[in-house]
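Structural features, examined
Residue strings, one per chain:
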Amino acid sequence: MHARTRARTHTHTQTTLTHMHKSNVVFFKSATAEDSVPMWYVMDEFGTAIRHSDTPNFAMCAFYYIPKQLSFSIFWCLQNLEYGDEVTRDYVPSVRSSPLARACCLLPWQPYTLLLDDPLWSSIGEFVSPPVTGFPGVTYPEAPDASVVLDTSQPIKVFTDLEVVKSFLTDPRFAICDCKDEASIIWTTKQIKDFASLKPHQMVNQFPCEEVVTCKDLLLNTARRAGNMFPSKSTDQNCSAEFPYWFPETYNLVYELPHLVKRFLELQESGNENTWIVKPWNLARSIDTHVVDKLSAVIRLGLATPKVACRYISNPVLFHRPEVGLVKFDFRYMLMLRSVQPLKLYAYDVFWLRFANKPFSMDDFYVYEKHFTVMNYQEHLKLKQIHFDDFIGLFEQQYPNHKWADIQEKVFSLFRELFTAAASLPAPQGIYHSSMSRSIYAADLMLEWTGDHVMQPKLLEINYSPDCIRACRYHGNFYNHMFTSLFLDQTSDIPITPIITP
């Protein structure tokens, strides 16, 4: 493609991305979790020409006709019309109770109607994330303190729905079985809700209410609690006092949209970096995740499905790939939670790296291979693999004044603070203590250059039942180590570090 044509195409793309959130509408094709990604589309000339009104005479909804796999926008009258009356609709019909929330939601179409000196901001204190009051359908173990003693005189039976566990759990002290009722250990990807139905001799790879760290909206609440329990150790002036120094500034768009809007307008007025990454509450692998620097995009994405918006790490520590250049990277540590009371947490010393495929810069946020690092779920993307021990040597060559051991110490410290906060309140606001529960979590992190030129680890998310195929491919004893440390409480000769122990 000719250079002039490429530049023109790039300009058109940027223009479209800037203005599309004023015109597009959304529908959903499926009710299942990972298939319920919102589908955005732009109506034809007639539908797009219908303007907003606070007193609309028409209503509209998206309709997906499954037999023909076609989508339609259906309109119907709300009142009698005269010939020549203009057709109007309410662009945000679901937001009516709060004038401030409604003004925020209408900013994509009315960008100058809510300024920082507007009296509407006086009600912003009403917008807070409510405390968790329970999880639907969850029952707790009848005897949470009753010890579960595994019979080690014979192989311990393990029931699992994960093929990778069946293939790589080779320790002779464990045996895979096909009958769930006979198993002493149940290791499943399916969320268990009815813990009370488990047999007294059974152990599971889940804790009740662990969502307080694995769901992004609840992780936000837990991180804020950790920030209150452990005052900031950062000297970075850009570190928000509301959040711990290791957690990006984040807002729950369902309950805290006005806070996000006001913060965006403040940053915009001061000329500070104002890019955000918008994530669904409870999806992984970067599904329905967007990097945006337009307030209209943040608002519309947040109205489509429940999401959080995090300040994008605009000054990340980069890694030099000789064949590409300086790229963004993140890293994953596996955490093993053995007990809540007393709190007992380990970290696996082997960690995993993920790299972007294109040089990093703060532009072209729609270019996936520049701003995202998850490359192992799309066949057309190249996955860069570097073993952790090789990476440490390469990293310290590129940054000779920074030792990975020092960074890891900071990482383990933030794990300690997070899980101490997660266990500090009774369920459902904290993780429920259950002697029959064990679990592993994948903690994803990045490094950010702070204002005082320090490499600061930033926690991105905590994943339940992480994909461990790659872990097993390069470290065949991974599940042997997990099961030995979690269920036999044996940690010698295993590459793990105690994070919290009694």
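Residues numbered from 1 in each chain as written. Predicted model: local features only at pLDDT ≥ 70, side-chain atom pairs only at ≥ 80, totals over all residues. Heavy atoms only, no water.

1. Focus: the overall build of the protein chain
What the protein chain contains, in helices and strands, is 13 helices and 22 strands. Against the globule reference of 23 Å for 502 residues, the protein chain gives a C-alpha radius of gyration of 25 Å, in line with a compact fold. Along the first, second and third principal axes, the C-alpha atoms of the protein chain reach 85 × 55 × 50 Å. When the 502 residues of the protein chain are sorted by exposure, 50% land in the buried category. (Helix = DSSP H or I, 4+ residues; strand = E, 2+ residues; numbered from the N terminus. Rg over C-alpha atoms; globule rule 2.2 N^0.38 Å. Buried < 20%, exposed > 50% of the residue type's maximum accessible area, 1.4 Å probe, protein only.)

2. Thoughts on the sheet that holds strand β9 (residues 185-187)
On the basis of which strands lie adjacent, the open sheet formed by four strands has the order β8-β7-β9-β10 and parallel pairing. The open sheet terminates on both sides in strands that have one partner only, identified here as β8 (174-176) and β10 (203-204). Note that β9 and β10 share two bridges and pair parallel. Along β10, the bridge assignment pairs I185 with M203. (Pairing = 2+ DSSP bridges.)

3. Some thoughts on the sheet that holds strand β13 (residues 290-292)
The strand order β11-β14-β12-β13 describes an open sheet built from four strands, whose pairing is antiparallel. What marks the edges here is a single partner per strand, and that holds for β11 (250-252) and β13. Mean inter-strand twist for the sheet, computed between neighbouring axes without regard to direction, equals 25°. Taken together, the three bridges between β11 and strand β14 (residues 307-311) define a ladder with antiparallel strand orientation. Paired with N252 across the two strands is V308, which belongs to β14. (Axes fitted to C-alpha atoms, helices over the stretch in contact; angles between N-to-C directions.)

4. Here we look at helix α10 (residues 388-398)
Within α10 the residues assigned to the buried category are F388, F391 and F395. End-on, the buried residues of α10 take up no more than an arc of 50°, which puts them together on one face. Where the residues of α10 are buried, they touch β15 (319-321), β17 (329-339), β19 (352-355), α11 (404-422), β20 (439-449) and β21 (455-464). (Arc of directions from axis to C-beta. Contact = heavy atoms within 4.5 Å.)

5. Considerations on the packing of aromatic side chains
In total, this model carries 42 aromatic pairs according to the counting rule given. Relative to F487, the ring of W187 has its centre 6.1 Å away and its plane inclined at 70°; by these criteria the two rings are edge-to-face. One end of the pair, W187, is in strand β9; the other, F487, is in helix α13 (residues 478-487), with 300 residues separating them in the sequence. For the residue pair W187 and F487, the accessibility class agrees, reading buried in each case. Here the basic side chain of R285 rests over the ring of Y377, its NZ or CZ set 4.4 Å away from the ring centre. Sitting over the ring of W276, R311 keeps its end group 5.8 Å from the ring centre. (Phe/Tyr/Trp six-rings, centres within 6.5 Å; stacked < 30°, edge-to-face > 60°. Lys NZ or Arg CZ within 6 Å of the ring centre and 35° of its normal.)

6. Topic: the packing of helix α7 (residues 257-270) against helix α8 (residues 295-304)
At a minimum axis distance of 11 Å, the contact between α7 and α8 shows a crossing angle of 170°. As summarised for this structure, α7 and α8 are arranged roughly antiparallel, according to the angle between their axes. Facing L257, L260, V261, F264 and L265 of α7, the residues of α8 in contact are L295, V298 and I299. Looking at the contact of α7 with α8, its residues break down into eight nonpolar, no polar and no charged. (Parallel < 35°, antiparallel > 145°, perpendicular 65-115°, else oblique. Nonpolar A, V, L, I, M, F, W, Y, C, P; charged D, E, K, R; others polar.)

7. Structural notes on the nonpolar core
Formed by 131 residues in total, the largest nonpolar core has its most connected members in F415, F478 and F483. Ranked by residues supplied to this core, first place goes to α11 with ten residues. Those residues in contact with F415 that lie beyond four places of it in its chain are Y333, L335, L345, A443, L445 and I499. (Core = buried A, V, L, I, M, F, W, Y, C linked by side-chain atoms within 4.5 Å.)

8. Concerning the pairing of strand β12 (residues 276-280)
Here β12 lies mainly inside the structure; five of its five residues are buried. Relative to β14, β12 is paired through five bridges, and the arrangement is antiparallel. Across the sheet, the residue bridging to K279 is V308, located in β14. Taken together, the three bridges between β12 and β13 define a ladder with antiparallel strand orientation.

9. With respect to the state of the cysteines
Evaluated as defined, the whole model comprises zero disulfides. Of all cysteine sulfurs in the structure, the one in C179 sits closest to C177, which takes part in no disulfide; the separation is 6.4 Å. The thiol sulfur of C215 is not disulfide-bonded, and the nearest other cysteine sulfur, from C209, lies at 11 Å. Judged by its relative accessible area of 12%, C215 falls in the buried class. (Disulfide = S-S within 2.5 Å.)

10. A word on the packing of helix α6 (residues 216-229) against α11
At a closest axis distance of 8 Å, the pairing of α6 and α11 adopts a crossing angle of 105°. Overall, the two elements α6 and α11 adopt an arrangement that is roughly perpendicular. Residue-level inspection shows L219, T222, A223, R225, A226 and M229 of α6 in contact with α11, the latter providing E417, L418, T420, A421 and A422.

11. Examining the pattern of salt bridges
Tallying each qualifying case throughout the model produces 25 salt bridges. With a closest N to O distance of 3.1 Å, R102 and D90 form a salt bridge. You can see R102 sitting in helix α3 (residues 99-105) and its partner D90 sitting in the loop between β6 (88-89) and α3, a full twelve residues away along the chain. Each member of the pair, R102 together with D90, is buried. Of the charged contacts in the structure, one is a salt bridge between D444 and R332, with a shortest N-O distance of 2.7 Å. Placement of D444 in strand β20 and of R332 in strand β17 is noted, with a sequence separation of 112 residues between them. For D444, a relative accessible area of 1% puts it in the buried group. Accessibility expressed as a relative area gives 14% for R332, which makes it buried. Among the charged side chains, a network of salt bridges with common partners joins D54, D90, R96 and R102. (Salt bridge = Lys/Arg side-chain N within 4 Å of Asp/Glu carboxyl O.)

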